[in-house]
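Each chain, written out:
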Amino acid sequence: MKYSAFFISKKQELCYILLVVKDKKIEKKLRQIFDRLLDSFGPQHWWPGDSPFEVIIGAILTQNTNWRNVEKAINNLKKEKLLNPRLLYRLPSRKLARLIRPSGYYNIKAKRLKYFLDFFFQEFNGKLDEMFSLSPLALRNKLLEVNGIGPETCDSILLYAGNKPVFVVDAYTKRVLSRHGLIKEEAAYADIQELFTDNLIHSAKFYNEYHALLVRLGK
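Residues numbered from 1 in each chain as written. Predicted model: local features only at pLDDT ≥ 70, side-chain atom pairs only at ≥ 80, totals over all residues. Heavy atoms only, no water.

**Quick word on the side chain of Thr173**
Just so we agree on the cut-off: Strands are runs of DSSP state E lasting at least two residues, helices are runs of H or I lasting at least four, and both sets are numbered from the N terminus onward. The contact definition used throughout considers only heavy atoms, calling two residues in contact when any of these lie within 4.5 Å.
Following the sequence through the fold, Thr173 ends up in helix 12 (residues 171-179). Apart from the residues within four sequence positions on either side, Thr173 is in contact with Phe167, Val168, Ile192, Phe196, His211 and Leu214.

Here's what the structure looks like:
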């Protein structure tokens, strides 16, 4: 099992003995896909970001656009020395929209960033440690109540910024699994997510690498 040897030590591996695998054939197929992707592309070192907060901003900005455009928007914020929770919280929406213009739908995304920042300060006083101290399920439920944050963005925040073992499902994931006959094209987000969490080890590092490899393949 390449994926377990790649990600967890022998002592850690013992922690996963109690994992209940629903379908050995699905487990084997998912492992094969991961191994082949890793052999072909190598580790992806995703998500790029200098801090968990930057990852959160990127997760919101990447909706309906490609990462190059998001990088331009984030670099604009960095040039103005505004990539800071409290500074963005206080920044007027118009200026924020102007700075993130390269990400597309900038007025909508500025509102979504503001919705998140309002939630972040009202619920956690702008403290990431406090926010990520919640259980993945509790925090997920709270994030999904924030206007503009759907399941994919929410799970990207949990996995990539919070290092929580939550698998991210996107269009690439759905397309690959559909073409391999593992899901139907109309499969729901939650059902696709459960395919991974029910049949593979519960590891944030592993989920991170698997999703990143699927994105690389999709691109």
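**Quick word on the environment of Ile157**
Our working rule: With a 1.4 Å probe rolled over the protein chains alone, any residue whose accessible area is under 20% of its type maximum counts as buried; one over 50% counts as exposed, and the rest are partly exposed.
Relative to the helices and strands, Ile157 is located in helix 11 (residues 151-161). Taking relative accessible area as the criterion, Ile157 reaches 0% and is therefore assigned buried. Each C-alpha atom of the pair Ile157 and Pro52 lies 8.5 Å from the other, and the pair is 105 residues apart in sequence.

**Some points on the confidence of the model for the protein chain**
Using the following cut-off: pLDDT runs from 0 to 100 and stands for how confident the predictor is about each residue.
Per-residue confidence for the protein chain averages 91 on the pLDDT scale, and 90% of its residues sit at or above 70. This model gives residues 1-21 a pLDDT under 50, and the stretch forms 32 contacts once residues within four places in sequence are excluded.

**Details of the nonpolar core**
Stated precisely, the cut-off is as follows: Note on terminology: a nonpolar core comprises buried Ala, Val, Leu, Ile, Met, Phe, Trp, Tyr and Cys residues joined through side-chain atoms within 4.5 Å.
Ranked by size, the top nonpolar core spans 68 residues in total, and within it Phe116, Met131 and Tyr210 carry the most contacts. Per-element tally for this core: the top contributor is helix 8 (residues 106-124), with eight residues. Ignoring any residue separated from it by four or fewer positions in sequence, one finds Met131 in contact with Ile56, Phe116, Phe119, Phe120, Phe124 and Leu139.

**Section: the packing of aromatic side chains**
Note the threshold: Any Phe, Tyr or Trp ring, taking Trp's six-membered ring, that has another such ring centre within 6.5 Å forms a pair; planes under 30 degrees apart are called stacked, those over 60 apart edge-to-face, and the others tilted.
Counted by the stated rule, this structure contains 17 aromatic pairs. Ring geometry for Tyr89 and Phe121: centres 4.2 Å apart, planes at 15°, overall stacked. Placement of Tyr89 in helix 6 (residues 85-90) and of Phe121 in helix 8 is noted, with a sequence separation of 32 residues between them. Its relative accessible area of 30% is what places Tyr89 among the partly exposed residues. An angle of 85° between the planes, with centres 5.6 Å apart, marks the rings of Phe119 and Phe124 as edge-to-face. Residue Phe119 shares its accessibility class with Phe124, and that shared class is buried.

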